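Below, each chain spelled out in residue letters.
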Amino acid sequence: MSENPADVSESAARAARELRTVFSRLRRTLKEAYDTRELTPSQTAVLSRLVTDGPASASALAAAERVRPQSMAATLAALGEHGYVQRRPDPEDGRRQLVSLTEAGHAMIADSRRAREEWLARALQERYTEAERATVLDALALLDRLTAR
(Lines give C-alpha, C1' and ligand atoms only; values in the text may rest on other atoms or scores of the structure.)
Protein backbone atom coordinates (compact mmCIF):
# COMPACT_ATOMS: atom_id res chain seq x y z
CA MET A 1 0.00 0.00 0.00
CA SER A 2 1.35 3.43 -0.97
CA GLU A 3 1.81 6.27 1.50
CA ASN A 4 0.10 8.64 -0.93
CA PRO A 5 -3.28 8.38 -2.60
CA ALA A 6 -2.94 7.60 -6.30
CA ASP A 7 -3.95 11.11 -7.33
CA VAL A 8 -1.34 12.90 -5.15
CA SER A 9 2.19 13.29 -6.45
CA GLU A 10 5.15 12.36 -4.29
CA SER A 11 6.32 15.98 -4.32
CA ALA A 12 2.92 17.20 -3.07
CA ALA A 13 2.87 14.58 -0.32
CA ARG A 14 6.44 15.39 0.70
CA ALA A 15 5.71 19.14 0.71
CA ALA A 16 2.64 18.53 2.89
CA ARG A 17 4.63 16.46 5.40
CA GLU A 18 7.53 18.92 5.58
CA LEU A 19 5.26 21.96 5.76
CA ARG A 20 3.30 20.45 8.64
CA THR A 21 6.51 19.57 10.47
CA VAL A 22 8.09 23.00 9.99
CA PHE A 23 4.92 24.83 11.00
CA SER A 24 4.57 22.66 14.10
CA ARG A 25 8.14 23.43 15.16
CA LEU A 26 7.71 27.12 14.38
CA ARG A 27 4.47 27.23 16.37
CA ARG A 28 6.17 25.65 19.40
CA THR A 29 9.12 28.03 19.12
CA LEU A 30 6.84 31.05 18.85
CA LYS A 31 4.93 29.91 21.93
CA GLU A 32 8.23 29.75 23.81
CA ALA A 33 9.15 33.29 22.67
CA TYR A 34 6.69 34.74 25.19
CA ASP A 35 6.50 33.14 28.60
CA THR A 36 2.89 32.13 29.19
CA ARG A 37 3.64 29.54 31.87
CA GLU A 38 1.08 31.23 34.08
CA LEU A 39 -1.57 30.16 31.53
CA THR A 40 -2.57 26.74 30.32
CA PRO A 41 -2.96 26.04 26.60
CA SER A 42 -6.76 26.05 27.11
CA GLN A 43 -6.64 29.46 28.75
CA THR A 44 -4.46 30.84 25.98
CA ALA A 45 -6.83 29.42 23.35
CA VAL A 46 -9.82 31.11 24.99
CA LEU A 47 -8.03 34.46 25.13
CA SER A 48 -7.10 34.15 21.46
CA ARG A 49 -10.68 33.25 20.57
CA LEU A 50 -12.02 36.28 22.45
CA VAL A 51 -9.59 38.53 20.57
CA THR A 52 -10.61 37.04 17.22
CA ASP A 53 -14.33 36.52 17.72
CA GLY A 54 -15.19 39.07 20.40
CA PRO A 55 -17.36 38.55 23.48
CA ALA A 56 -19.09 35.19 23.82
CA SER A 57 -21.09 33.20 26.31
CA ALA A 58 -19.38 30.49 28.31
CA SER A 59 -21.45 27.86 26.53
CA ALA A 60 -20.46 29.24 23.11
CA LEU A 61 -16.80 29.20 24.15
CA ALA A 62 -17.14 25.62 25.42
CA ALA A 63 -18.69 24.54 22.12
CA ALA A 64 -16.04 26.37 20.06
CA GLU A 65 -13.20 24.85 22.08
CA ARG A 66 -14.93 21.44 22.17
CA VAL A 67 -14.83 21.12 25.95
CA ARG A 68 -17.47 20.47 28.59
CA PRO A 69 -19.16 23.53 30.09
CA GLN A 70 -17.66 22.60 33.47
CA SER A 71 -14.16 22.68 32.00
CA MET A 72 -14.83 26.06 30.39
CA ALA A 73 -16.14 27.38 33.71
CA ALA A 74 -12.84 26.41 35.37
CA THR A 75 -10.84 27.99 32.53
CA LEU A 76 -12.83 31.22 32.75
CA ALA A 77 -12.52 31.31 36.53
CA ALA A 78 -8.73 31.09 36.25
CA LEU A 79 -8.65 33.81 33.57
CA GLY A 80 -10.84 35.95 35.79
CA GLU A 81 -8.42 35.49 38.70
CA HIS A 82 -5.63 36.78 36.46
CA GLY A 83 -7.81 39.74 35.58
CA TYR A 84 -7.88 38.89 31.87
CA VAL A 85 -11.63 38.39 31.37
CA GLN A 86 -14.84 39.89 32.67
CA ARG A 87 -18.48 38.92 32.49
CA ARG A 88 -21.31 41.27 31.63
CA PRO A 89 -25.01 40.75 30.96
CA ASP A 90 -25.83 40.04 27.32
CA PRO A 91 -27.68 43.13 26.04
CA GLU A 92 -29.88 40.88 23.87
CA ASP A 93 -30.66 38.30 26.59
CA GLY A 94 -30.39 39.46 30.18
CA ARG A 95 -30.38 35.87 31.44
CA ARG A 96 -27.06 35.24 29.72
CA GLN A 97 -23.62 36.61 30.45
CA LEU A 98 -20.98 37.45 27.88
CA VAL A 99 -17.30 36.95 28.55
CA SER A 100 -14.93 39.56 27.15
CA LEU A 101 -11.33 40.59 27.54
CA THR A 102 -10.36 43.21 30.08
CA GLU A 103 -7.76 45.87 29.36
CA ALA A 104 -5.23 43.59 31.08
CA GLY A 105 -6.27 40.72 28.81
CA HIS A 106 -5.88 42.84 25.69
CA ALA A 107 -2.49 44.07 26.94
CA MET A 108 -1.27 40.53 27.66
CA ILE A 109 -2.29 39.34 24.19
CA ALA A 110 -0.69 42.40 22.55
CA ASP A 111 2.55 41.87 24.52
CA SER A 112 2.59 38.21 23.56
CA ARG A 113 2.08 38.91 19.87
CA ARG A 114 4.66 41.71 19.89
CA ALA A 115 7.26 39.46 21.59
CA ARG A 116 6.67 36.67 19.07
CA GLU A 117 6.87 38.98 16.09
CA GLU A 118 10.06 40.59 17.44
CA TRP A 119 11.64 37.18 17.96
CA LEU A 120 10.69 36.11 14.45
CA ALA A 121 11.92 39.34 12.86
CA ARG A 122 15.25 39.06 14.69
CA ALA A 123 15.63 35.41 13.72
CA LEU A 124 14.90 36.20 10.07
CA GLN A 125 17.38 39.10 10.18
CA GLU A 126 20.15 37.06 11.82
CA ARG A 127 19.74 33.71 10.06
CA TYR A 128 18.84 34.67 6.49
CA THR A 129 20.29 36.89 3.82
CA GLU A 130 18.20 39.55 2.10
CA ALA A 131 17.79 37.20 -0.88
CA GLU A 132 16.68 34.34 1.37
CA ARG A 133 14.13 36.60 3.09
CA ALA A 134 12.79 37.50 -0.36
CA THR A 135 12.47 33.78 -1.09
CA VAL A 136 10.57 33.30 2.18
CA LEU A 137 8.20 36.11 1.21
CA ASP A 138 7.66 34.53 -2.22
CA ALA A 139 6.96 31.16 -0.60
CA LEU A 140 4.52 32.75 1.84
CA ALA A 141 2.63 34.31 -1.06
CA LEU A 142 2.33 30.84 -2.61
CA LEU A 143 1.24 29.31 0.69
CA ASP A 144 -1.35 32.03 1.15
CA ARG A 145 -3.15 30.57 -1.88
CA LEU A 146 -3.86 27.46 0.21
CA THR A 147 -6.20 29.52 2.36
CA ALA A 148 -7.74 31.65 -0.40
CA ARG A 149 -11.41 30.95 -0.86
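All figures in this text were calculated on a predicted structure; none of them were measured in a lab.

Asks: Please set out the overall build of the protein chain residue by residue, giving values where relevant.
Replies: Helix and strand content of the protein chain: six helices and two strands. Each helix (α) and strand (β) of the protein chain, taken in turn from the N terminus, gives the series α-α-α-α-β-β-α-α. Taking 15 Å as the expected radius of gyration for a compact globule of 149 residues, we find that the protein chain reaches 20 Å, considerably beyond that expectation. Counting only C-alpha atoms, the protein chain reaches 55 × 45 × 30 Å along its principal axes. Out of the 149 residues belonging to the protein chain, those deemed buried represent 23%.

Asks: How would you summarise the environment of alanine 77 if you had to cite specific residues and measurements?
Replies: With respect to the helices and strands, the residue alanine 77 is situated in helix 4 (residues 69-82). A relative accessible area of 38% places alanine 77 in the partly exposed class. Separated by 34 residues in the primary sequence, alanine 77 and glutamine 43 have C-alpha atoms spaced 9.9 Å apart.

Asks: Please provide a residue-by-residue account of the nonpolar core, values included.
Replies: In this structure, Leu47, Leu61 and Leu79 are the most contacted members of the largest nonpolar core, which totals 17 residues. Of all the elements in the fold, those that place two or more residues in this core are helix 2 (41-53), helix 3 (58-65), helix 4, strand 2 (93-101) and helix 5 (103-127). Other than its neighbours up to four places away in sequence, leucine 79 contacts Leu39, Gln43, Val46, Leu47, Tyr84 and Val85.

Asks: Residues and numbers for unusual backbone geometry, please.
Replies: Located in the positive-phi region is arginine 66, a residue other than glycine, with phi close to 60°. Positionally, arginine 66 belongs in the loop between helix 3 and helix 4.

Asks: Would you mind going over the pattern of salt bridges in detail, with residue names and values included?
Replies: Scanning all chains against the criterion turns up nine salt bridges. Between arginine 95 and aspartate 93 there is a salt bridge whose closest N-O contact spans 3.0 Å. Judged by its relative accessible area of 22%, aspartate 93 falls in the partly exposed class. Note that aspartate 111 is salt-bridged to arginine 114, the shortest N-O span being 2.3 Å. Taken together, the positions of aspartate 111 and arginine 114, both in helix 5 and three residues apart, correspond to about one turn of that helix.

Rules used throughout
- Residues numbered from 1 in each chain as written.
- Predicted model: local features only at pLDDT ≥ 70, side-chain atom pairs only at ≥ 80, totals over all residues.
- Heavy atoms only, no water.
- Helix = DSSP H or I, 4+ residues; strand = E, 2+ residues; numbered from the N terminus.
- Rg over C-alpha atoms; globule rule 2.2 N^0.38 Å.
- Buried < 20%, exposed > 50% of the residue type's maximum accessible area, 1.4 Å probe, protein only.
- Core = buried A, V, L, I, M, F, W, Y, C linked by side-chain atoms within 4.5 Å.
- Contact = heavy atoms within 4.5 Å.
- Salt bridge = Lys/Arg side-chain N within 4 Å of Asp/Glu carboxyl O.

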